[in-house]
Structures are given as C-alpha cells and as structure tokens.
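Observations on the three-dimensional arrangement
Chain by chain, the residues:
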Amino acid sequence: MNPEYLLIISLVTIIAILASGSRIAGLLALAGTVVQLVFSAGLLFLYMAERNAGNASLLLFEHTYVWYPDWNITFHSGIDGISLSMILLTSVVLVSGVLVSWKTEYMKKEFFILLLLLGTGAYGFFLSSDLFSLFFFFELAVIPKYLLIAIWGSGRKEYSAMKLALMLMGGSALVLAGILSLYYYSCAAGNPSFDLQQLYTTPVPEQAQLYIFPLLFTGFAVLSALFPLHTWAPDGHSSAPTAASMFLAGISMKLGGYGCIRIAIYLFPAAAAFYSPYIIILACIGILYGAFVTLRQKDIKLMNAYSSVSHCGFVLLGAGMLTNTAMTGAVLQMVSHGIMTALFFGVIGMIYGRTHTRIGEELGGLLKVMPFIGSCFIIAGLTSLGLPGLSGFVAEMTIFVGAFQIGDVFHRIATVSAAMSIVVTAVYILRAIGISLWGPLKNEKFRESGDATWYERAASVILIASIISIGIYPFWMSDIISNTVSVLFTSNPLK
Amino acid sequence: MSNIYDYTCFILLLPLLTFLLPGLFGKKFPRISGILGTTSMLIVTVLAYLTAYHYFITDAPAEGYYWPYGSRWPYLVLAKFTWLRFNAALSLDMGIALDPLSVMMLVVVSTVSLMVHLYSTGYMKGEERYSTYFSFLSLFTFSMLGLVVASNIFQIYIFWELVGVSSFLLIGFYFDKPSAVAAAKKAFIVTRFADLGFLCGILILSFYSGSLDFRVIIERMSSSSSAFYSFAAGASFLGVSALTWALVLIFAGGAGKSAMFPLHIWLPDAMEGPTPVSALIHAATMVVAGVFLVARLFPVFCMSHAAMDVVAYTGAASALIAALIACTQTDIKRVLAYSTMSQIGYMMFSLGISGYGGEKGLGYSAALFHLFTHAMFKALLFLCAGAVIHAVHSNEIKDMGGLKKPMPFTSIAFFFACLAISGIPSLSGFYSKEEILTAAFHRNKIIFCTGLLTAGITSFYMFRLYFSIFWNNKNKSGIKTHMAASITIPLFILTVATIEAGHIPFGKYVSSDGLPLHSDTDIRLSAAAIIISGIGILTAAFLYLKERTLPGRISAKAGIVYRFIAGKLYIDELYLLITKKVVFNLISAPAAWVDRNIVDGGMNLLGAAAENVSETIRPVQSGKIRNYALWFLAGTILISLFLIYVIR
C-alpha cells in the first residue's frame, strides 16, 4: 500500500480540471476528493488490520524516494496513528468543501484547483517523515490561501489575505530556521539528514535544544493560533470564502498542532518539559481569552473564527501537558475541531448565501424557514460546547483527564481554568442559536429563501456523520492515536 | 449471575430508536411518531417492571452477602464495554448496573415517562412539530434511563449532559416565543455552570481513587483503613481535604440539576416548556438526578461530615425558601415548580442527615421513598395543571376558579395529589414525609424544625392553589372541556399511584446498607406533622375557599417582606448583574477591545514599521550606477576593516 497515491490522485484531479472546461470543474473536483476519501478510509482499514496483526513499528507503509542525494534529502513517507487521523480529517473536509462551493461562479476552475492544491499540501505534510519535504508541503498548504482569500473573499479581503500570509510566512521562517539548525547538528554528527527518525537520535547540545525547540514550536503554533499570534485567524476566516474558511480552520490550523506534537515535542522532549509551563499559560490564556472575546461578536462567522482560537488552545494545552493521555486528547481535539468548525463555517456560508448577512440580530427565527440548515447549525454548536455523543466532548474530556494526572497546584489551576471555558462556550453558542435561529422570524424576505440544496445536504451529512462516528464510539480513534502517542513519547535517552 | 436480565439493554435501545426514527423520518408520518413513542415506552415500562419483579421478588436471594458490605441485594453490571480508555487505570466503561437504587429509578422513570407519552398524544395533538416533540421526549427518556443505570461516574456525566440538552430542547420547544428561548438558555447555562463543578469533582475523585468505576471508587473510598481514602483525606487544598472538595463539587453538579438554592433560578423559568414536559423532566425525573447522584455515591459521602453538612443545609434552605416563594406566585406552573424545589430540598436534607447502615440510615431510605412518591403525585399535579391550562388558556390563577363543576375528574385527582403532598395519612406522601421527619428528628433538630415548618407552608400553598382553581366564587362554569381518553387514563393511573404508593414496604428493598430496614413511626411526630399540615390547609381554606379581599390586604400589610419574597429574593437580579455587568461588560468587552486594538494593533504596528523601514531604504535602489558604485566601495572598505581588525 502506498499512501503517497493520495498525492497522485490530487495531482491527477488538478491536471484534469486544468485540461477541461470550467463546466465540469466541480464534478471533477468532487470525483477527485471522493476518491481521496474512499482511499483514506481504505488506508484506515489497512492500518487497523496491520496493527491488529501485531505490526508495532512506528510508521506503517513506509517508502523512501531519494530526492537530492548530495544533501541527503528524501521523500520519506509513512503513516502513524496521528497522521492517519489527520489524513482522514483532510479528506472529509475537502469533500464537503468542494460540495459547498458547488455553485461558485467566478473563476470556478481556478478556485477548485487552488483548493485541491491546498489539499495536496496537507496530505504531503502529514505523509512526510522527512523535514525538507514536509516543509515543502507546508508552504504548499499556505500560499494558495492568499489567493483564495484575496480573489474570492469578502469584506477587507486584501488586508486579511496579506496579514494571514505574512503571519503564517513568519511562522514558516521560524520553522525553517529550526529545521536548518537541526540539519546543522546532523552534519556535525557526521550523518547529514532531514529525516525525523534519524534526527530523533542525533545528539544536540542541551543549550541548542533550548533555542531550537521554541523556533519549531512557535513557528508551528502560529498556525494553531497561539496567543498572542492568533490575530490572523479572525480576519482571515471572516474574509475567506466558505470552502477556504473550512480548509483554513479545519485543516491548516491542524498542521500547526501536528507540527508542535509530532516534530517539536517529539524531537525535544526535555526542552518541551522546560518550556511546558509557558506553553500551558499561553494556551490557557488563549482558551479563556478567546472564549470571552467570542462572547462579544455579533457576526456569526467572526464568532466561529474566535471560538477556533479558544478551541485550538485546547490542542496546545493538551500538547503542553506532555502526558500521553493529554497528548492523545490534543490530537482528538484537532480532529474534532477540524470537522466541527468545517460544519460551522459551511452552515454559516449557507445562511449567508440566502440572507446576505452574518449579523446574528438581523437573522432570527431561521429555524422555521430553513429547518435543515438550522438543525446542522445546532448540531455544530452542540459539538462545539462539548455535548457527549458528539466528538468535541471526547477530546476535551481526554485532555482534562490527562492534565489532571499531574498532581501539582499549577497544573490543577490551569486545568480548572481551561475547563471554565466550557461554560463560556455554552453561553456564546446558545446566544448564537437563540438570536439567529430561534425567536420570531426577523425578516419576511427570508421566508422564500428555501432550505438546503442536495449538495449542501450532502456536505453537512458527511461532516455530521464523522462527528457522530467519533462521538458515539470514540474508542477506535482514541486507540489508534494513543498507541502511536505512547510509542512516540517513551523517554529518549539521548535528550 | 444468570443472564435473565439480558433484556434490560432494550430498556435503553428502544427509546434511542424512537428518538432517531421520528427525528429523521417524522415529517412524512407525523401521527405515527406519537403512537410509536408511546408503544415503545409501554414495552420499556413492562421490561422495567419485569426487571424489578425479578430483582426484588422472584430472583431475590433468600439471604446473601453481596457488595457493598454484606448487602442483601446483588450488584450486577450488564452489557459492559469500554467506551473510551484514558490510560491504563482510567477507562470509561459503559454498562447497565442493577442494584436496588437503579432498579427503583427504572420503575419511576419508565412509569412517569409512559404516562407523559400517553398524555402527550392527546395534549400535543395538532402541534406543528408533533413528531419532533416525541423524538425529543424519547431522547430525554433514553438519557435519563442511561443515567440511572450508569456503572461508571463518567457515564453518569455523559447522560447527565444529555438530559440537560433534551431539557434545553424541550423548554425551547416553542422557540418562536422569546421567553421560551430565554428560559431554555438559562436552564442550560446555569446547569452547565454547576456541571463544571461536577466535572472537577469527578477529576479529583478519579485522581485519588484511581478509577472511574463506581464499585471501585466506593470500595476504595468508603473505608477509613483504605490507602486511597487516607491519600484523599490527607491531601488538602485551602484547608479542606481533597475528598471533601471532590464531594462538594460533585454535589454542586447535583444541586444545579436538582435546582437547589442558589442554583435554582432556572427551574421556574423552565415552565415555559409544554406542560407534559414539565411533569416528566422538571418535576418527576431529571430534577431528582441530584438526589440520585448523592445516593449513588452515598457510602463515599458518609466519609466526609463536611460534605454531608453541605448537602443537608443546602437541602433544608432550599425546602424552606422555595415553600415561602411558592406562597406568593400567581402562575399555577410556577407554584408547582417551587413546590418541586421544596420537595427535592426534603430529599436532599434527608440524605444529608442520614448515616450509613441500620437505623441511622433511615434518612437515605426515606429520601428515596420520597423521590418515588413525589414523582407520582407531582407528575399528577402537573398533568392536572395541563388539563386546566388547556381549558382556560391561561397559566394565571386569577383566570381560574370554580372549575370543580366543569372539570370534576381533574378536580378530584388534583385534590388527592394535594393531600398527598401535604402529608395526610394513608396517602403516599404521608409515609415518605413521615420517615424523613423521623430521621431528621433523631439526627438534627434544626433541620427537623425547618422540615416541620415547611410541611405546614406546603399544605398552605398547595391548598391555596386547589381552592383558587377549583372552588372560589368566580363563575367559570361556562367552560366546556373535552378530555380525551389519552388524558384521563394517565390521570387515573397516577391518582391510584398517588394513593397507593405509600403502602410499598420501601425500606425492605432500598436502604443504605442493602439490609431490610424496619422503621417504627413515632406517633407523637406523626401527630405534630399532621396538625401542622392541617393548620396550613385550614388557613388556605379560610383565605381562598371563597373570594375574599383578605389575602390582598395581608400581602399589602407585609409590605417589604412580601415584596422581597414575591420578587424571589431578587436572586435573578443578582445573577443578571453578574452575567451582564461583570462578565459581559467588564470581562468580555475589554477583552474584545484589547484583541482588536492592542494585540492585533501590535501586529499591524509591526507591519507598519516594516513598511517604514522599506520606504526608508527604498531610495537606495535608485538605479543610478554612480550610487551603486559608491555603496559598493563603502561596503568593501567596511568589510575589509572588519576582517582586518575584528577577525584578524
């Protein structure tokens, strides 16, 4: 099994769209992403079968292609439990992203090409076990976003696009610096390599660890909206077209969390332990502060954008706690938040497409005229506030339980204050539901707007099914992730 | 043990199915969802009774020494599976636990739910979202049944949240009414706030006991020789032991759900929901979840006097305060809501003053007995109120009066329920309240006096309600009512239950240590309670049997005290002040401002600075060869100097 076929499927789809007319661009994009989804589902079954058969190696389906032998750059692909869950997330979000953009009119072909290019970047990033190719795909998953927002966006789109691109590029610069320093030490050890596994065993002086770790961690954490580097998120999300918001919050922000856990903390557990209190403090600020800022938002899209800051804070909190349980929870939270926020942005896009406003108070009573869309909004909201039976609950509880296993007062207070956000989240979600969906119908014009179309229904159903499949029986996914986490974070004698 | 209880999983699966089916396909077959829901509830009820029959009667061991500590009744866990594994020690196992407590709760929940389902087929007829209603009702029943059979503390938390959300959805059922929207939000947020405490309590308890399973937690925490217990009792934070913290926080969750003072503010507003929902969720089942939770962890609670005192005094305060407020309310459903809060206060303090085992454990048994009888007569009261509201199209007492002529059946049913809640002998409420007062008398005199006083007030406001609705002079006899069989049958069954439920030898089955408890009632205590209740009834009769101006004059005389109580002690206003002024304006608004202006402003400043720098150095790229040559020369000289003097 070659997981890198995912990249080939993406590229073939892109080329097919390029070659064809814009009339069937949507159809091709849908076909391509559905094949990717089926392929990742197949990957999941093969992965589980392989693990059940007792294969305990860290990466499954490994392949190495030499890229630039002089510098020992390779494309080393393989999947573990964490990257597998991320790949599943990516394929689910991409399919629904294509579906909700079904009616794109302006430069349709280009839109789908850029969206699929982002997807290619994300797949490549999660598949790579070589930092050079990983960085290459990382950039591929960032740059097209600038165009998507600047061309198809709304509001202050040029400003937001530029801000997003600059801040994320700033993050990449830090990551690049970190990767190059690592490469330097691998050269010094006489075994130049960008390969994660080899770098894991490369000796790095203690002092150097203390400065490389923050480079990598901060660089990636910018994408996960680490406070105070989160300000690209609200602007970027609210200006982006629906599918780009879905990708941005659903997948891009997860590249950050993945990098923090799978690269920064994996390579430098000791430095991570040193910086752990700072990470926890910043994550807690992000969680609570994000939640309180969300409370004030009148624009429902901006509300979800800020709530993403709060929810991604949980990813960083789980990572910063450094216990296996909390780390598993962080990955679960990435998956859960990715699907939930994609559903949220998708539904908000559907509402905006009909009412041409995103201000909660100008909506009102929508559940009466669009019961399907309204119900999806409520389900997304309930996932966001952590209702059991939906995915958010599983992730948050795993993080809390994991965080609570550390018995000192600092960690206790941090956990409890992060847990307080579940109340604030309930407040802003219920406010949004109460204002925009319930109550008497505010505007008679909305009466004829109609409920969801087939492609919108399909997009929502795919996302809701994913939310429920994790929420109702989380054991399978949690098991896949926690097995990998426990292999990754057994103590490394060298660092 | 044998597998005769295998069918119990259907008790959970059937309501889940009737939640999903009408929810997904209900629009196409609206009428069927009511019949489907009611039929499946009937099966569930039969299964629950079958379970109880097997458990308590046919399969009851003649004698036995079961867990915990030589209980007569076995503790069975069925259909257990791992739902989520946190780490090697902590895993979230779902299962169906059968012990006297959960079997008793199965009977209560399924009975009331069946009655409410049946009643709703008539009451909600012609409603636009008829099948949605039944779907939500099934969701609630599923969650509540899952809650009572939970074998794992996290399983309780999961179903706890699910009953919360079904309550939210049903309170907001008439979602185009702004008051219903506000009430639904309030109910969810207040209970969520309390659940935060519950969650923290679970986390602390699981850390110290190293398990989430009830059985293991109780084994490790309820004996003072256990190392786990010493660990938890020894650790302290802010001068209070970790065990007490955990229990008080867990109790906070229970207090939120059970509307204990000062977390009760959501319950009266929750009456915005359809009346059958109020009967099921906000009177008989969900609101007693807090009592159930304390009862479930009772052996652990007994290990902390401080936590037990918190339970007892919160319960007593709620009982008294709610009873006082109930006297001043004019909305029939709100009076019943405060009365529910007051009766749950009874159950709570009864648990709080109870000890473990034997005669000391009378409070435990009495509390659950009262839970049982209260579920019957309070559901009956609400369903009668629903019939009255349907007839007069108003919730206000002043729009009612003289209804005993047009609604004789409802009037009689309501009368029996009022007698029961007032504790008049031979009705169910008498036996359970009697036991509570006896238990309180032996354990804590202050609480006993509060309970006795509350009993008097209770009979006063209940009969105030009864006389104002069904007697009084106002001529409402013109009202025509048609009561469908679907409404009268549940009223009849619940009336029978209200009269007869007291004769169940409850202490024989449900007691703190699982051994039969024979309580002797003290005739003097009974006499005192009956006399106090009688005074309440007579006062109500004197004031409200005929239309009089006296009540108005009394409340005017009482002035500020009356206004303070009628204003519900202004607790709602206090909450509003905290949420609106403090959270919204003092935390949230500044945070939003800081984010836009300081944090983001800082980023923009950085951008602007970079732009400035580039603007400044742009002239450097002038395109003139002469300038380039100059810079090149200067650079070369600088580098040379650097190489010569610095590096050497």
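Conventions and cut-offs
- Residues numbered from 1 in each chain as written.
- Chains lettered and ligands numbered in written order.
- Predicted model: local features only at pLDDT ≥ 70, side-chain atom pairs only at ≥ 80, totals over all residues.
- Helix = DSSP H or I, 4+ residues; strand = E, 2+ residues; numbered from the N terminus.
- Buried ≥ 20, exposed ≤ 12 C-beta atoms within 10 Å, placed from the backbone.
- Contact = placed C-beta atoms within 7 Å.
- pLDDT = per-residue confidence, 0-100.
- Pairing = 2+ DSSP bridges.
- Expected span 1.5 Å × (residues − 1).
- Core = buried A, V, L, I, M, F, W, Y, C linked by C-beta atoms within 7 Å.
- Nonpolar A, V, L, I, M, F, W, Y, C, P; charged D, E, K, R; others polar.
- Axes fitted to C-alpha atoms, helices over the stretch in contact; angles between N-to-C directions.
- Parallel < 35°, antiparallel > 145°, perpendicular 65-115°, else oblique.
- Left-handed = near helix turned anticlockwise from the far one by under 90°.

Observations concerning the overall build of chain A
When you go through chain A residue by residue, the secondary structure sums to 20 helices and 2 strands. Out of the 495 residues in chain A, the part that is buried amounts to 64%. Of the contacts made within chain A by residues no fewer than 6 positions apart, 80% connect residues no fewer than 24 positions apart.

Considering the overall build of chain B
For chain B, the helix and strand inventory stands at 25 helices and 4 strands. Principal axes of the C-alpha set define a box for chain B whose edges measure 110 × 60 × 55 Å. Evaluated residue by residue, chain B yields a buried proportion of 55% over its 648 residues. Long-range contacts, defined here as pairs at least 24 residues apart, represent 79% of the contacts in chain B between residues at least 6 apart.

Some remarks on the environment of Val-165 of chain B
Take Val-165 of chain B: it is sitting in helix H5 (residues 153-171). Residue Val-165 of chain B is classed as buried on the basis of its C-beta count, with 23 C-beta atoms lying within 10 Å. Between the alpha carbons of Val-165 of chain B and Arg-334 of chain B there is a distance of 21 Å; along the sequence they are 169 residues apart. Residue contacts for Val-165 of chain B: discarding those within four places in its chain leaves Leu-382 and Leu-387 of chain A.

Focus: the confidence of the model for chain B
Taken as a whole, chain B shows an average pLDDT of 85; of its residues, 94% reach a score of 70 or greater. Looking at the elements of chain B, mean pLDDT is at its lowest for helix H25 (residues 625-647) of chain B, recorded as 72, and at its highest for helix H12 (residues 289-296) of chain B, recorded as 93.

Quick word on unusual backbone geometry
Cis geometry is found at the peptide bond from Phe-227 of chain A to Pro-228 of chain A, where omega equals 0 degrees. Counting through the fold element by element, Pro-228 of chain A comes out in the loop between helix H9 (206-223) and helix H10 (232-239). In this structure, Pro-262 of chain B follows Phe-261 of chain B across a cis peptide bond, with omega equal to 0 degrees. Phi angles above zero are rare outside glycine, and Ala-259 of chain B is one such case at about 55 degrees. Following the sequence through the fold, Ala-259 of chain B ends up in the loop between helix H9 (242-257) and helix H10 (266-269).

Some points on the pairing of strand E1 (residues 60-68) of chain A
As paired elements, E1 of chain A and strand E2 (residues 73-79) of chain A share 6 bridges and run antiparallel to each other. Among the inter-strand pairings, Val-66 of chain A is bridged to a residue of E2 of chain A, identified as Thr-74 of chain A.

Some words on helix H2 (residues 30-58) of chain B
Residue and element names in this part refer to chain B. Compared with the 42 Å implied by 1.5 Å per residue over 29 residues, the 41 Å span of H2 between its first and last C-alpha is a close match. Every buried residue of H2 is accounted for by Ser-33, Gly-34, Leu-36, Gly-37, Thr-38, Ser-40, Met-41, Val-44, Thr-45, Ala-48, Thr-51 and Tyr-55. Those residues of H2 that are buried are in contact with helix H1 (8-25), strand E2 (91-98), helix H3 (100-123) and helix H4 (130-148).

A short note on the nonpolar core
By size, the foremost hydrophobic cluster in this structure holds 412 residues, and its most contacted members are Ala-264 of chain A together with Val-291, Ala-379, Leu-380, Cys-384 and Ala-417 of chain B. Non-local contacts of Ala-264 of chain A, meaning those with residues more than four positions away in its chain, are made with Phe-213, Leu-216, Phe-217, Phe-220, Gly-259 and Ala-272 of chain A.

Examining the interface of chain B and chain A
At the interface, 37 residues of chain B touch 40 residues of chain A. Listed by contribution, the elements that provide at least two residues to the side of chain B that touches chain A are strand E1 (76-85), H5, helix H6 (178-209) and helix H24 (571-617) of chain B. When residues in the side of chain B that touches chain A are grouped by element, the largest group, 12 residues, is from H6 of chain B. Grouping the amino acids of the side of chain B that touches chain A by side-chain chemistry returns 25 nonpolar, 5 polar and 7 charged.

Overview of the packing of helix H14 (residues 305-328) of chain B against helix H15 (residues 332-353) of chain B
Residues and elements named next belong to chain B. The interhelical angle for the contact between H14 and H15, taken along N-to-C directions, is 155 degrees, at an axis separation of 7 Å. When the axes of H14 and H15 are compared, the pair comes out roughly antiparallel. Both H14 and H15 take part in a crossing whose hand is left-handed. For the contact of H14 with H15, a count of residues per class yields 17 nonpolar, 7 polar and 1 charged.

Some words on the pairing of E2 of chain A
All names here are of chain A. Extensive coverage of E2 is indicated by the burial of 7 of its 7 residues. Side chains Ile-73, Phe-75, Ser-77 and Ile-79 project from E2 onto one buried face, and the interleaved Thr-74, His-76 and Gly-78 project onto a second face that is buried too. Following E1, the chain reverses through 4 residues before pairing antiparallel with E2; Asn-72 in that reversal takes a positive phi of roughly 55 degrees.

Brief notes about the environment of Leu-366 of chain A
Residue and element names in this part refer to chain A. By secondary structure assignment, the location of Leu-366 is in helix H15 (residues 366-369). For the pair Leu-366 and Ile-435, spaced 69 residues apart in sequence, the C-alpha separation works out to 9.4 Å. If sequence neighbours within four positions are ignored, Leu-366 has contacts with Ile-351, Gly-374, Ser-436, Leu-437 and Phe-446.

Thoughts on helix H4 (residues 108-127) of chain A
Across its 20 residues, H4 of chain A extends 29 Å between first and last C-alpha, which sits within 8% of the 28 Å expected from 1.5 Å per residue. The element H4 of chain A is extensively covered by neighbouring structure, given that 17 of its 20 residues are classed as buried.

So, the packing of H4 of chain A against helix H11 (residues 242-267) of chain A
All names here are of chain A. Contact pair H4 / H11: the axes reach a minimum separation of 11 Å and the direction vectors enclose 15 degrees. When the interaxial angle is binned, H4 and H11 end up roughly parallel. Judged by the sense of rotation from one axis to the other, the crossing of H4 with H11 is left-handed. On H11, the residues touching Leu-115, Leu-118, Ala-122, Phe-125 and Phe-126 of H4 are Ala-243, Phe-247, Ile-251, Leu-255 and Tyr-258. Tallied by class, residues from the contact of H4 with H11 come to 10 nonpolar, no polar and no charged.

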